[in-house]
Amino acid sequence: NVDFDAAIGRIKPMHCINNAPIALGGDKLFGYLGEAGIPYSRMHDTGGNYGGACFVDIANVFPDFNADPDDPQSYDFAFTDWLFASLHKQGVKPFYRLGATIENQHRIKAYRIYPPADNMQWARICAGIIRHYNEDWAEGFRYGIEYWEIWNEPDNEPAIADNPMWKGTKEQF
């Protein structure tokens, strides 16, 4: 039963988007997000043809997996910092996917969708990213990012050979 005369709180906004309208590296379309009141932008497969090797993904932000995750110099936050600052100006919060962009041509060769060689190292890298955006670490920010997704669709396809997002087992995930 629904009592339309009884207010019980705010309705959770559900008009979020995947990514942001990155147009050839510019933010000229971002104002539309603010006008529409978009509350969240999920960072998954960010950048596409115009920056896919620069934004968000673990391998983009931390290019040398063997580097020291406690050293700010091991990270390349430049593109993701720009993206998040542009979103922040519009009142849009990032929903950060910690992982790798889909590799649609994985059957030719998969690059970044294999399980991490060292789960503890991967976790320390993720912690550095989280600290950068939420705790002002490494000349970072205090964005208060609430939503953090670990990888993406490890069960996208039942057979590992067919999965363009995770080349590992369920147990490895």
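Worth saying up front: this structure is predicted, and the values here are computed from it rather than measured.

Here is what the cut-offs are and how they apply
Residues numbered from 1 in each chain as written. Predicted model: local features only at pLDDT ≥ 70, side-chain atom pairs only at ≥ 80, totals over all residues. Heavy atoms only, no water. 1 Å grid on protein atoms, 1.4 Å probe; cavity = no way out; pocket = protein on both sides within 12 Å on 5 of 7 lines; lining within 4 Å. Points joined across faces, edges and corners; volume = space filled by probe spheres on them. Helix = DSSP H or I, 4+ residues; strand = E, 2+ residues; numbered from the N terminus. Nonpolar A, V, L, I, M, F, W, Y, C, P; charged D, E, K, R; others polar. Pairing = 2+ DSSP bridges. Right-handed = clockwise from strand over helix to strand, strands pointing away. Salt bridge = Lys/Arg side-chain N within 4 Å of Asp/Glu carboxyl O. Buried < 20%, exposed > 50% of the residue type's maximum accessible area, 1.4 Å probe, protein only. Core = buried A, V, L, I, M, F, W, Y, C linked by side-chain atoms within 4.5 Å. Contact = heavy atoms within 4.5 Å. Axes fitted to C-alpha atoms, helices over the stretch in contact; angles between N-to-C directions. Expected span 1.5 Å × (residues − 1). Polar contact = N/O pair within 3.5 Å; in protein donor to acceptor, adjacent residues only side chain to side chain.

**Description of the layout of surface pockets**
- Its boundaries defined by the atoms lining it, the largest pocket holds a volume of some 230 Å³.
- Taken together, 16 residues make up the lining of the largest pocket; nearest its centre are Ile 58, Ala 59, Phe 65, Arg 112 and Trp 122.
- Among the elements of the structure, helix H2 (58-61) and helix H4 (119-134) are those that each provide at least two residues to the lining of the largest pocket.
- Split by residue class, the lining of the largest pocket holds 13 nonpolar, one polar and two charged.

**Overview of the pairing of strand S4 (residues 147-150)**
- Here four bridges tie strand S3 (residues 93-98) to S4, and the two strands are oriented parallel to one another. Within S4, the position partnered with Tyr 96 by the bridge is Trp 148.
- Of the crossover connections in this fold, the one passing from S3 over H4 to the parallel S4 is right-handed.

**With respect to the pattern of salt bridges**
- Enumeration according to the criterion identifies six salt bridges in this entry.
- A salt bridge links Glu 149 to Arg 42; the shortest N-O distance between them is 2.9 Å. One end of the pair, Glu 149, is in strand S4; the other, Arg 42, is in strand S2 (residues 40-43), and 107 residues separate them in sequence.
- Overall, Glu 149 belongs to the buried group, its relative accessible area being 17%.
- Judged by its relative accessible area of 23%, Arg 42 falls in the partly exposed class.
- Members of the salt-bridge network, linked through shared partners, are Asp 68, Asp 70 and Arg 124.

**A few points about the nonpolar core**
- Membership of the largest hydrophobic core comes to 33 residues, with the highest contact counts inside it found for Tyr 75, Leu 83, Phe 84, Leu 87, Tyr 96, Ile 129 and Tyr 133.
- Among the elements of the structure, H2, helix H3 (78-89), S3 and H4 are those that each provide at least two residues to this core.
- For this core, the leading source of residues is H4, giving five residues.
- In contact with Tyr 75, other than residues within four places in its own chain, are Val 61, Phe 62, Pro 69, Arg 124, Ile 125, Gly 128, Ile 129 and Trp 137.

**Quick word on the sheet that holds S2**
- Spatially, S1-S2-S3-S4 is the arrangement adopted by the four strands of the open sheet, whose pairing is parallel. Strands with a single pairing partner mark the edges of an open sheet, and in this sheet they are strand S1 (17-18) and S4.
- By the bridge criterion, four bridges tie S2 to S3 in an arrangement that is parallel. Bridge pairing in S3 links Arg 42 to Phe 95.
- The strands touched by H3 within the sheet are S2 and S3, with S2 carrying the most contacts at an inclination of about 165°.
- Against the sheet, H4 contacts S3 and S4, and its axis sits at roughly 170° relative to S3.

**Quick word on H4**
- Taking 1.5 Å of rise per residue, 16 residues should cover 22 Å, and H4 covers 22 Å from first to last C-alpha, within 8% of that figure.
- At its buried positions, H4 is contacted by H2, H3, S3 and S4.
- Regarding H4, its N-cap is Asp 118, as a side-chain oxygen of that residue lies 3.0 Å from the backbone nitrogen of Met 120 further along.
- Backbone geometry just downstream of H4 places Asp 136 in the positive-phi region, at approximately 65°.

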